[in-house]
Amino acid sequence: MEAGNTSAVVAAGDALVEQSEEVMVPTGGGNPTLGMAHLMKPLVSEDILYYPPPPTVLIASNPNSQNLKKWCLKGSKTSPKARWNLWVNSLEPRYGEIWRRSGIYQAIKASTYSVPRDKMLLLGFAEFWCCDTNTFVFPWGEVTITLEDILHLGSLSVIGCSILTPFDNDECGHVYNCLRNEIKQVKRDHGESVTPHMWMDHFVMNPGKEVEHEAFLLCWLSKFVFLRTQILVQDVNVAIHLSRGTRVALAPVVLAYIYRDMSVLHNAMGKPVESGSRIGKKFVMWHYDLVQMWVWERFPEMRPNPKVIERGDPRAARWNGVPKLNLSDYRTALNNASILLYWRPYSLIQSESMLSNLYKDKEQWVVVESDAVEAFARCLRASNLNGLGYTEPYFPQRVARQFGLDQDIPLLDRNIALGSYDRPIRGVRVYIPPRDFESDVTARYNSWWKGLLAVNENYVDNSNHEQQLLALLPCGHQSNAESFAAPGSLSGCVMQSLEAGPSTAQLNSQLGKPDGYDKSWNGLGNDPALSSDDDVDEDSLTIAQYLNRSRKRDVFENARDVGNEHVLNTGTSNLMALAICPDTTNGLTCTSEPLEMSVPSFKGKKSKLSSDKQA
C-alpha cells in the first residue's frame, strides 16, 4: 500500500498486540509473578491438547576448524568506488530533497560506506540458523533480523508501493523509453551486458543528460539494493517512482534476500569439506554487511569499536571502515547463556529514522494512521516477504522481545495464514512499549523452551544420525531415507510424535493453573500439528513428497562442480532444490555438548545501553 493511502483500512479495533494477565518469568532471571503481559499475535490457543514443537537446529561438529577456513565467502556488494562517491555528491544538492521524500536519502549516503567482510562471523551465526522459522536458534532463545533492523541499519523503507507497481502517466512513459534507449546504447558501445560500472561511466563522463537522475537511481538499485551484475529494464519502474518522491517498500525485498541466503548457507554447511582435500566451497552472500551490522548492534562482545557519528548521519556510519575482530570460535560464545545481548539497541539512541520519535518514555496504544506508526506496525505483523522471484515468511512474533514485547509460545509457522506484505493495515491498534522497558517471557514459554533442549539432546549419537532423524517421522514415512530433508530444517521437529510432548493441561498444572483455566486467545482451537488444509492422506506419501508439502520446499541452491571447487551460487535463476538433497546430511555430526536451559541473564541492559548512545 502506498504511503499515506487511507482509502483501504482494516476493521476498526483490530490489534496486533494482545494484553492479558499472565504468569511471567523475568528475562534476567527470578521468580515467576502474575502480571500484565503484552503479547504479539497470532497466539497459540490454550484449548489445544499439545503445544507446537520448538524449532530445531542440527549443528556440525568442530565448526571453526580448518574446514571452515577453506570456505571462500564473498559478498556481492562491493566497496564504493571514488567515482560513485563523486556522483552521489554531485547530485545531492539538486535531488537530496526528493531522496528524503522517497525515504532513500540515508540509504544513498550509506552506499558510500565500506564494511569489511567477516567470514568467520557469518559462518558462525549461519550454524544456528533455522530455515523454517528464519530465526537464529540458540540454547538461550530465538533472535532474528527483522524489518526494524533493515529500516535502521539499511535505511530502507518498510512502507510504500510495491516494486511491481507500474507508473501511471505519459511523462513517466517518456522517461522509461529514454532509459531503455540508453541501456541499448551502452550495450551497443560495449557489445555485452550493461554492468553498473559501465552505466556509471556512461553518465559520469556525459553529465547533464535528461534522465541522469533516474539513471543514477537505477544504478543505485542495481549496485546496492537488488545487487545485480547488470542494469535491467525491469528495474526502471522502481527508479522512476523514487525519482518522483514516491516511497517504495524496499526493506521487505532486502530481508527476503537475507533470509534466503542464510538458509542456503546453513544447509551448505551440513556437507563438510573432507580433511586433507583441496576442495573448497565458494558462496556469494548478498547484503552480508547488514548481517554483520545486526550482530555488532546486538552482541557488543563480538563487535569492533563503533565510530562516533554526527547527528543526521545514517546509523551504518558507526561501522564504516571499522576493523574486523580476530574471533574464530563463535559457537562457544553463542552457546553461553550469560552472553550480553541488546534486545532493543535502537530505542535509546536518537536518530533520523522515522521510528525514532515513536520510542517514548511511556507506553502507548495508538491507531495506525501516520506513516511512522504504519512502519512500526508492519515490523510487527507476520507476512510473506516477496523477493525477486521467491517468497520468504516473516515471523516477528517469535522474537517479540526485540520489539519490547513479552514473549509467548509462537504459533507453529505452517498454521499461520500469512498474507501479502502490502495488505491494508491502517486502522489497526498497536502497542508501543516504553523505550527502556525490559520484557519478560510467559511461564508456559519457559517450560516450552526447556523442551527444545531435551529434543536436541536426543541427537548426540553421531554414529547413527540419519536413523535418529528417521525415528522422528510418523508411521508410513520411514522409507526412502535418501530423500530426507537437509539439516537445519524444522521438518524433523514438526514430524516428531506428539505423544512425546507435554500437554496444555500438564503445563497448566505445572504453573498452578486449574484444569478449566481459560483466557481469550486468538489462535487455533485444534492441535496445530494435526491440522490440514486438504484431504491428502499423508501416510501414503513418500518422504520426498511429504517434505515437498512443507514450507521450505522453496529453499534452493544451485550447486555444481567446477574443477576442484564446489561452487555455491545464489545469484542465478536456474536453482536446484536443496530441501531433498541427500548429500547434505553425509558426514554430519551433531554436538555432544550438554545444553542446560535457563532464562539467560542479560547483563547491564539499561546502564550499558545508556552509556553506549554515542559509542
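Residues numbered from 1 in each chain as written. Predicted model: local features only at pLDDT ≥ 70, side-chain atom pairs only at ≥ 80, totals over all residues. Heavy atoms only, no water.

Engineer: What exactly am I supposed to notice about the pattern of salt bridges here?
Structural biologist: Scanning the model with the defined rule gives 17 salt bridges in all. Two residues, Arg83 and Asp201, come together in a salt bridge whose shortest N-O distance is 2.5 Å. With Arg83 in helix α2 (residues 82-101) and Asp201 in helix α7 (residues 196-204), the pair connects residues that are 118 residues apart, well separated along the chain. For Arg83, a relative accessible area of 35% corresponds to the partly exposed category. The salt bridge partner of Lys209 is Glu182, with a shortest N-O separation of 3.6 Å. Linking Lys209 in the loop between α7 and α8 (212-225) with Glu182 in helix α6 (residues 170-190), this pair joins segments that are 27 residues apart in sequence. For Glu182, a relative accessible area of 15% gives the class buried. Linked through salt bridges whose partners overlap, the residues forming this network are Asp371, Glu374, Arg378 and Arg426. (Salt bridge = Lys/Arg side-chain N within 4 Å of Asp/Glu carboxyl O. Helix = DSSP H or I, 4+ residues; strand = E, 2+ residues; numbered from the N terminus. Buried < 20%, exposed > 50% of the residue type's maximum accessible area, 1.4 Å probe, protein only.)

Engineer: Which parts of the structure should I look at to understand unusual backbone geometry?
Structural biologist: Where the residue is not glycine, phi is negative for most of them; where a peptide bond is considered, it is trans in most cases. The residue after Lys41, namely Pro42, is reached through a cis peptide bond having omega 0°. Counting through the fold element by element, Pro42 comes out in the loop between β2 (33-40) and α1 (66-69). In this structure, Asn134 is a non-glycine residue whose phi angle is positive, near 55°. For Asn134, the position within the fold is in the loop between β4 (129-130) and β5 (135-138). Judged by its relative accessible area of 1%, Asn134 is buried. Even without a glycine there, the phi angle at His287 is positive, about 55°. As for its placement among the helices and strands, His287 is situated in the loop between β7 (281-285) and α11 (288-298).

Engineer: Quick question: what am I supposed to make of α7 here?
Structural biologist: Because each turn of an α-helix spans 3.6 residues, side chains separated by three or four positions in sequence point in the same direction. Within α7, seven of the nine residues are buried, leaving the element largely enclosed by the surrounding structure. Restricting attention to buried positions, one finds in α7 the residues Pro196, Met198, Trp199, Met200, Asp201, His202 and Phe203.

Engineer: Quick question: what am I supposed to make of the sheet that holds strand β6 (residues 141-143) here?
Structural biologist: Strand pairing in a sheet relies on backbone hydrogen bonds. The paired strands run either parallel or antiparallel. Spatial strand order, β4-β5-β6: three strands in an open sheet with antiparallel pairing. The open sheet has two free edges, formed respectively by β4 and β6, since each of these has just one partner strand. When β4 meets β5, the two strands line up antiparallel, connected through two bridges. Within β5, the residue paired with Cys130 across the bridge is Thr135. (Pairing = 2+ DSSP bridges.)

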